[in-house]
Amino acid sequence: MQLTNRSKVVVNKKMSFVERLYLPAIIGGLMITFKHFFKKKATISYPEVQRDFSPVYRGQHVLKRDEQGRENCTACGLCAVACPAEAITMTAAERQKGEEHLYREEKYASVYEINMLRCIFCGLCEEACPKEAIFLTDRIVNSDYQRNGFIYGKDQLVESTEPGKRVDISGRLKAHRHQ
Ligand code: SF4
Ligand code: SF4
């Protein structure tokens with residue numbers, strides 16, 4: 001049974017005089033190359049030129065704080081369970097008296113790590129989180145020649161409290177709530 005009409009019957013016929021010259025075939029090949037000079041380039045001069053990111057691009061994670069600057073994460077572990085790459089680990093701790101301004105919930109993650117070499121940026125951790133604590137952002141995880149710097153801890157994941165340094169995830173949050 002023939003599935004497509006792309007197959008060609010190969011005939012072992014003798015080449016004609018023109019075919020034996022090879023020049024027409026070479027000129028034909030050069031013409032194809034020449035035509036590409038006038039076509040729009042598919043490549044860009046990265047990193048000087050960068051493509052627009054999709055609004056739902058999934059890059060480096062952020063652990064969000066609430067409006068009062070308290071960490072949202074309650075160390076429930078659901079993100080770690082949902083992660084197909086087993087990239088997330090954490091240690092839970094109990095919030096002490098006087099730490100209410102640091103952590104929103106009574107339990108928080110004293111250690112929270114993501115192995116960026118394992119992560120496949122699927123976004124399942126974001127979907128599993130019941131506290132709107134973890135989000136993927138449009139930030140790119142920097143490349144490196146060494147592997148040991150790719151385990152990101154809270155120092156790299158929790159958003160800064162400094163004004164102007166908060167990570168805007170409003171677009172993702174909107175998409176999330178309308179799912
Ligand atoms: S994006 Fe996917 S692979 Fe990466 S940490 Fe989250 S759940 Fe795991
Ligand atoms: S990021 Fe969300 S899902 Fe993960 S431990 Fe914290 S609260 Fe739970």
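See the structure printed just above.
None of the values given here were measured: they were computed from a predicted structure. (Residues numbered from 1 in each chain as written. Chains lettered and ligands numbered in written order. Predicted model: local features only at pLDDT ≥ 70, side-chain atom pairs only at ≥ 80, totals over all residues. Heavy atoms only, no water.)

## Regarding the overall build of the protein chain
Secondary structure assignment for the protein chain yields six helices and five strands. Taken from the N to the C terminus, the helices and strands of the protein chain come in the order α-α-β-α-β-β-α-β-β-α-α. Across its three principal axes, the protein chain shows a C-alpha extent of roughly 95 × 45 × 40 Å. For the protein chain, buried positions account for 30% of its 179 residues. Looking at the protein chain as shown, the accessible area adds up to about 13800 Å², and 55% of this sits on carbon and sulfur atoms. In the protein chain, 28 positive and 22 negative side-chain charges are present, and the distance between their average locations comes to 15 Å. (Helix = DSSP H or I, 4+ residues; strand = E, 2+ residues; numbered from the N terminus. Buried < 20%, exposed > 50% of the residue type's maximum accessible area, 1.4 Å probe, protein only. Areas by Shrake-Rupley, 256 points an atom, 1.4 Å probe, with all protein chains shown as cover. Lys, Arg positive; Asp, Glu negative; His and termini not counted. Charge placed at Lys NZ, Arg CZ, Asp CG, Glu CD.)

## A short note on the packing of aromatic side chains
One pass over the full model with this rule turns up four aromatic pairs. Between Phe53 and Tyr57, the aromatic rings sit 4.5 Å apart at their centres with planes inclined by 85°, giving edge-to-face as the arrangement. Pairing Tyr103 with Tyr108 gives two aromatic rings, centres 3.5 Å apart and planes at 5°, and the pair type is stacked. Residues Tyr103 and Tyr108 agree in their burial class; the two are buried. One aromatic cluster is present, built from ring pairs that chain together Phe34, Phe37 and Phe38. (Phe/Tyr/Trp six-rings, centres within 6.5 Å; stacked < 30°, edge-to-face > 60°.)

## Points about the site of ligand 2
Around ligand 2, the structure places 14 residues, and the nearest of them are Cys73, Cys76, Gly77, Cys79 and Cys129. Tallied by class, residues from the shell around ligand 2 come to 11 nonpolar, two polar and one charged. (Near = heavy atom within 4 Å. Nonpolar A, V, L, I, M, F, W, Y, C, P; charged D, E, K, R; others polar.)

## Remarks on the site of ligand 1
Around ligand 1 sit 13 residues in total, of which Cys83, Cys119, Cys122, Gly123 and Cys125 are the nearest. Of the residues in the shell around ligand 1, the class split is 11 nonpolar, two polar and no charged.

## Here we look at the nonpolar core
In this structure, Ile88, Tyr112, Ile114, Met116, Ile134 and Leu157 are the most contacted members of the largest nonpolar core, which totals 23 residues. Those elements that provide at least two residues to this core are strand 3 (107-115) and strand 4 (134-136). Considering each element in turn, this core owes the most residues, three residues, to strand 3. With residues up to four places along the chain from it excluded, the contact list for Leu157 reads His61, Val62, Leu63, Tyr112, Ile114, Met116 and Tyr152. Core analysis: the next-biggest nonpolar cluster, separate from the first, contains five residues, Val62, Val167, Ile169 and Leu173 among them. (Core = buried A, V, L, I, M, F, W, Y, C linked by side-chain atoms within 4.5 Å. Contact = heavy atoms within 4.5 Å.)

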